[in-house]
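Remarks on the overall topology
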Amino acid sequence: MTYVISMINLKGGVGKTTTTVALAEILAGDLGKRVLVIDLDPQTNATTMLLGEKAWATANAQGFTLATLFKDSLRPDGDPPKFNLKSTLHQGVSPVKAVKKLDLLPSSLDLIDVQDRLAAVPAGNYYTDRPVDLLHKATRKIVPDYDYVLIDCPPNLGIITLNGLRMSQGYVIPTKPDVLSTYGIPQIMTRVKGFAEGLADEEIVPLGTVINMYRTNTTVHDTTLRALRSDVKSGKVPPLFASKIPQGDAVAGAAEFAAASTLRQRWGYQGHFDQLKALAIEFDERAQAQL
Ligand SMILES: Nc1ncnc2c1ncn2[C@@H]1O[C@H](COP(=O)(O)OP(=O)(O)OP(=O)(O)O)[C@@H](O)[C@H]1O
Ligand SMILES: [Mg+2]
């Protein structure tokens, strides 16, 4: 059974991509899972963290990114589709030697333009596919090959993010424990619930909230955490994961595509890797309980 999950937050820069890549590498490299990362963000951060800029540029020049999939849907005049799943799927990504079964569907900067045009596509039978179904339909054949599919979303709930949610059983909200980063979480829950209800029989479970860039003994962080816990109780915020990701240079440094032999080398010796691994184990337990 595959568990498909979207990483979302309306706020930018809170660690969606970092959490996605860390979880993916640890699940694949340490917990023996088969993992696919789908990068839906035009900023292409997850793509460059896992594939490196050089390989991405080559793939992008050939049109082997998800932008091609979405662009196909904007040509309703019977042109043959250009998206090729096999060429777009990069197998065995990550600069960490210990990570074997981690694959990637890369993003492209061209997605910015596509996002705007897709939003303007009229509903109706002229277009055979609904714009929110595109990713789901295109990846249906390969999803069962994985234990986990992690979808890194842009900081909005636009049509591209909805494509990710459409095929997800659950979602995770990474956030910084401060007022502005957590402000929109209840709204995300309401919006996703409404979206799932529109899909008829499908539920999209709020699997959890990940606290990232946590600093101990910081008044703002501790106050926000207390507020979050109370909002979890009243069902306005998805349950917090017990493992928090500490703020640290090692975690920021992992954004660089640099060869590493071990996960600890990539994610930090100062306890950062251990926290991330604890988070991955917790995530795995919660997800398995849903299957
Ligand atoms: N725990 C951490 N400690 C230090 N730096 C971090 C940590 N987590 C993330 N960062 C850094 O903070 C920045 C934002 O993180 P990231 O790109 O993961 O956020 P995001 O939510 O995906 O952003 P966006 O909304 O732009 O996609 C990056 O430079 C990243 O390397
Ligand atoms: Mg990101």
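Up top is the structure.
Attention in this report is confined to the structure presented alongside it. Position numbers for residues start from 1 in each chain and track the written sequence from start to end. For naming, the first written chain is A and the first written ligand is 1, with later ones following in the order written. Predicted model: local features are reported for residues with pLDDT of at least 70 only, side-chain atom pairs are reported and counted for 80 or more only, and whole-chain, interface and lining totals are derived from all residues. Side-chain calculation: all heavy atoms of the structure are included, whereas hydrogens and water are not.

Bringing the layout of surface pockets into the picture now. Method remark: on a 1 Å grid restricted to protein atoms, a set of points is classed as a cavity if a 1.4 Å probe fits but cannot get out and as a pocket if it is open with protein on both sides within 12 Å along at least five of seven lines; lining residues have an atom within 4 Å of a point. Grid points are joined across faces, edges and corners, and a volume is the space filled by probe spheres set on the points. Size it by volume and the second largest pocket reaches roughly 330 Å³. The wall of the second largest pocket is formed by 20 residues, among which Gly13, Val14, Gly15, Thr18 and Met213 lie closest to the centre. Only DSSP runs of H or I reaching four residues or more are called helices, and only runs of E reaching two or more are called strands; each is numbered from the N terminus. Within the residue set of the lining of the second largest pocket, elements represented by two or more residues are helix 1 (16–29), helix 2 (45–51) and helix 12 (249–253). Of all the elements, helix 1 adds the most residues to the lining of the second largest pocket, at 3 residues. Each residue is assigned to one of three groups, with Ala, Val, Leu, Ile, Met, Phe, Trp, Tyr, Cys and Pro labelled nonpolar, Asp, Glu, Lys and Arg labelled charged, and all others, Gly among them, labelled polar. For the lining of the second largest pocket, the class distribution of residues is 8 nonpolar, 10 polar and 2 charged.

At least two DSSP bridges between two strands are required for those strands to pair. Pairing is parallel across the open sheet formed by 6 strands, whose spatial order is 3-2-4-1-5-6. In this open sheet, the two edge strands, each paired with only one partner strand, are strand 3 (102–105) and strand 6 (205–211). Adjacent strand axes in the sheet meet at a mean angle of 20 degrees when their direction is disregarded. Strand direction decides the pairing type here: strand 2 (residues 35–39) and strand 3, joined by 4 bridges, are parallel. Its bridge partner lying in strand 3, Val35 is registered against Leu102. Here a residue-residue contact requires only that any non-hydrogen atoms of the pair lie within 4.5 Å. Between the N-to-C directions of two axes lies an angle of 0 to 180 degrees, each axis being a line fitted to C-alpha atoms and, for a helix, fitted only over the stretch in contact. Where helix 14 (residues 272–290) meets the sheet, it contacts strand 1 (3–7), strand 4 (148–152), strand 5 (170–175) and strand 6, and its direction lies at approximately 170 degrees from that of strand 6.

Regular strands have side chains that alternate between both faces of the sheet. Buried residues are those whose accessible area, probed at 1.4 Å on protein chains only, stays under 20% of the maximum for their type, while exposed residues exceed 50% and partly exposed ones sit between those limits. Judged by how many residues are buried, strand 4 sits mostly within the fold: 5 of 5 residues are covered. The side-chain alternation of strand 4 yields two buried faces, one formed by Tyr148, Leu150 and Asp152 and the other by Val149 and Ile151. Judged from the 5 bridges that link them, strand 2 and strand 4 form a sheet pairing that is parallel. For Asp39, the partnering residue across the bridge sits in strand 4 and is Asp152.

Turning our attention to helix 6 (residues 111–119). Within helix 6, burial applies to Leu111, Val114, Gln115 and Leu118. Within helix 6, the buried residues cover an arc of 105 degrees as seen down the axis, which keeps them to one side. In helix 6, the exposed positions angled more than 90 degrees off the buried face are occupied by Ile112 and Asp116. Buried-residue contacts for helix 6 involve helix 4 (66–72), helix 7 (134–139) and helix 8 (159–166). To obtain the arc, one takes the directions from the helix axis to the C-beta atoms.

Let's shift gears to the packing of helix 1 against helix 14. Between helix 1 and helix 14, the least distance of the axes is 9 Å, while the angle of their chain directions is 80 degrees. For the element pair helix 1 / helix 14, the angle class is roughly perpendicular. Here helix 1 contributes Thr19, Ala22, Leu23, Ile26 and Leu27 to the contact with helix 14, which in turn contributes Phe273, Leu276, Lys277, Leu279, Ala280, Phe283 and Asp284. Its residues assigned to classes, the contact of helix 1 with helix 14 shows 9 nonpolar, 1 polar and 2 charged. Each angle receives one of four descriptions, namely roughly parallel if under 35 degrees, roughly antiparallel if over 145, roughly perpendicular if within 65 to 115, and oblique otherwise.

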